[in-house]
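Architecture and fold: a report
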Amino acid sequence: FKIHTILKLLFFLVLSVSYGQNPLITDQFTADPTARVFNGKLYVYPSHDIIPPEGQGRAEWFNMADYHVFSSENLTEWEDHGVILSQKDVPWGDPEAYSMWAPDIMERDGKYYFYFPNRIKDADDGEGGFSIGVAISDTPEGPFKAHPTPIEGVEGIDPNVFIDKDGQGYLFWSQSKIYGAKLKDNMLELASEPKTFMELPQKGHMEGPFVFERDGLYYMTYPHVANKTERLEYAVSDHPLGTYTHKGVIMDESAKGTWTNHHSITKYKDQWYLFYHDSELSPNFDKTRSIRADSLFFDNNGNIKKVLPTLR
Ligand code: FUB
């Protein structure tokens, strides 16, 4: 009996090691994962890629109508808390744009501020027309209520919020390159003029900034098309708004040819993790993606060691 039990345990151990936990969510497409720890629990706020109903959205492009939030205590079992915000519930947004792209979230004074891009109602057709809005909730699981207007002075996508140790908040976002500004304490307005970062690579599309602090060093991390598709790179500074020094690559381009990668970096239970996406649930179409996570390590000088994606 004992041998049988031990063999059974070994079988499940081997199974979990060889199959791993990636992709994290398998019953729907997910992308652009922002992972945050709230009240000791790990939450992931991804975009929700879908194939829209016939005649709606944009064919062969990203289509997202809403956001779900997922939580986990072990990065293996994930609870889907359902829809937290829909495109139809954004007063300033186009309710049929299917453009609820990469989000972020931050807690301040017991309130949860969810940052999301969307196409502005009546925006001209074409690539522009995006702004960033804020939706507020009393809990990380939502539901979130969208503020009536987007953040004034912000045009673009991929919001990222960082609050420094002195309580000063910052908003970063992208529009082909990366922008940043101070945030007012109300979390709804900019407190300084947007600035760009001339010290970051100026050649090749950049988006998806994610800033964090470790041991007094600020890390600006971002997807960058240095070659054909996006790879994750980083730079460091002694101030959230720079000047940054370019350091290197966190993750190489997708072996599957997926055009985008979009990530966040967070520490949970004393281990740092890189959350990112690829498209293994949709091998022939890279706009329906799936989120992943792998451990991330620093060397003794604070450099990020390159992360190799675990195989499925
Ligand atoms: O998910 C839509 C867009 O693709 C995101 O906003 C970008 O960062 C890229 O992942």
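Model, not experiment: these values are computed from the prediction. (Residues numbered from 1 in each chain as written. Predicted model: local features only at pLDDT ≥ 70, side-chain atom pairs only at ≥ 80, totals over all residues.)

1. A closer look at the overall build of the protein
- Across its full length, the protein carries one helix and 19 strands.
- With the C-alpha coordinates of the protein rotated into their principal frame, the extents come out at 65 × 50 × 40 Å.
- Within the protein, the proportion of its 312 residues that are buried is 41%.
- Considering only contacts within the protein whose residues lie at least 6 apart along the sequence, 49% involve residues at least 24 apart. (Helix = DSSP H or I, 4+ residues; strand = E, 2+ residues; numbered from the N terminus. Buried ≥ 20, exposed ≤ 12 C-beta atoms within 10 Å, placed from the backbone. Contact = placed C-beta atoms within 7 Å.)

2. Comments concerning the nonpolar core
- One finds Phe 114 and Leu 274 to be the most contacted residues of the largest nonpolar core, which totals 73 residues.
- Top contributing element to this core by residue count: strand S6 (residues 111-119), with five residues.
- Non-local contacts of Phe 114, meaning those with residues more than four positions away in its chain, are made with Leu 85, Pro 103, Ile 105, Val 134, Ala 135, Ser 137 and Phe 144. (Core = buried A, V, L, I, M, F, W, Y, C linked by C-beta atoms within 7 Å.)

3. Concerning the site of the ligand
- In the vicinity of the ligand, the residues found are Ala 31, Asp 32, Ser 47, Phe 62, Trp 101, Ala 102, Ile 157, Asp 158, Glu 207, Gly 208, Thr 260 and His 262.
- Mapped onto the shell around the ligand, the elements with two or more residues apiece are strand S1 (31-38) and strand S9 (157-163). (Near = placed C-beta within 6 Å.)

4. Observations concerning the sheet that holds strand S19 (residues 290-296)
- The strand order S17-S18-S19 describes an open sheet built from three strands, whose pairing is antiparallel. The strands lining the two open edges of the sheet, one partner per strand, are strand S17 (264-268) and S19. Ignoring which end each strand starts from, the neighbouring axes of this sheet average 30 degrees apart.
- Relative to S19, strand S18 (residues 271-278) is paired through seven bridges, and the arrangement is antiparallel. Residue pairing for S19: Tyr 276 is matched across the bridge by Arg 292. (Pairing = 2+ DSSP bridges. Axes fitted to C-alpha atoms, helices over the stretch in contact; angles between N-to-C directions.)

5. Section: unusual backbone geometry
- Of note, the bond from Gly 142 into Pro 143 is cis; its omega dihedral lies within 30 degrees of zero at 0 degrees.
- By the secondary structure assignment, Pro 143 is in the loop between strand S7 (130-137) and strand S8 (145-146).
- Residue Thr 243 is reached from Gly 242 by a cis peptide bond, and omega for that bond is 10 degrees.
- The phi angle at Asp 32 is positive, at roughly 50 degrees, despite the residue not being glycine.
- Turning to its location among the elements, Asp 32 is positioned in strand S1.
- Here the phi dihedral of Lys 269 falls at roughly 50 degrees; this positive angle occurs in a residue that is not glycine.

6. Describing the environment of His 147
- Mapped onto the elements, His 147 comes out in the loop between S8 and S9.
- Sequence spacing of His 147 and Val 90 is 57 residues, and the spatial spacing of their C-alpha atoms is 7.9 Å.
- If we ignore the near neighbours within four places in the chain, the residues touching His 147 are Gly 133, Val 134, Ala 135, Ile 136 and Leu 188.

7. Let's talk about the confidence of the model for the protein
- The predicted model of the protein has a mean per-residue pLDDT of 93, with 92% of residues at 70 or higher.
- Counted against residues more than four places away or in other chains, residues 11-20, with its pLDDT under 50, gives two contacts.
- Per the prediction output, this complex has pTM 0.92; the corresponding ipTM is 0.98. (pLDDT = per-residue confidence, 0-100.)

8. Structural notes on the pairing of S7
- A large share of S7 lies buried, amounting to six of its eight residues.
- As paired strands, S6 and S7 are joined by eight bridges and run antiparallel to one another. Of the residues in S7, the one forming a bridge with Pro 117 is Ile 132.

9. Things to note about the sheet that holds S6
- What the four strands build is an open sheet, ordered S5-S6-S7-S8; its pairing is antiparallel. Looking at which strands have only one partner, the edges of the open sheet turn out to be strand S5 (104-108) and S8.
- In terms of strand pairing, S7 meets S8 through two bridges, oriented antiparallel. By the bridge assignment, Ile 136 is partnered in S8 with Lys 145.

10. Quick word on the pairing of strand S4 (residues 79-86)
- Summarising the sheet, strand S3 (residues 66-72) and S4 pair through five bridges and their orientation is antiparallel. Paired with Asp 66 across the two strands is Ser 86, which belongs to S4.
- Between S3 and S4, which follow one another and run antiparallel, lie six residues, and Leu 75 among them has a positive phi close to 60 degrees.

11. Points about the environment of Pro 33
- Following the sequence through the fold, Pro 33 ends up in strand S1.
- Judged by C-beta crowding, with 27 C-beta atoms within 10 Å, Pro 33 ranks as buried.
- The sequence separation of Pro 33 and Ser 47 amounts to 14 residues, and the corresponding C-alpha distance is 6.9 Å.
- Once residues lying within four places of it in the same chain are set aside, the contact partners of Pro 33 are Val 44, Pro 46, Ser 264, Phe 275, His 277 and Ile 291.

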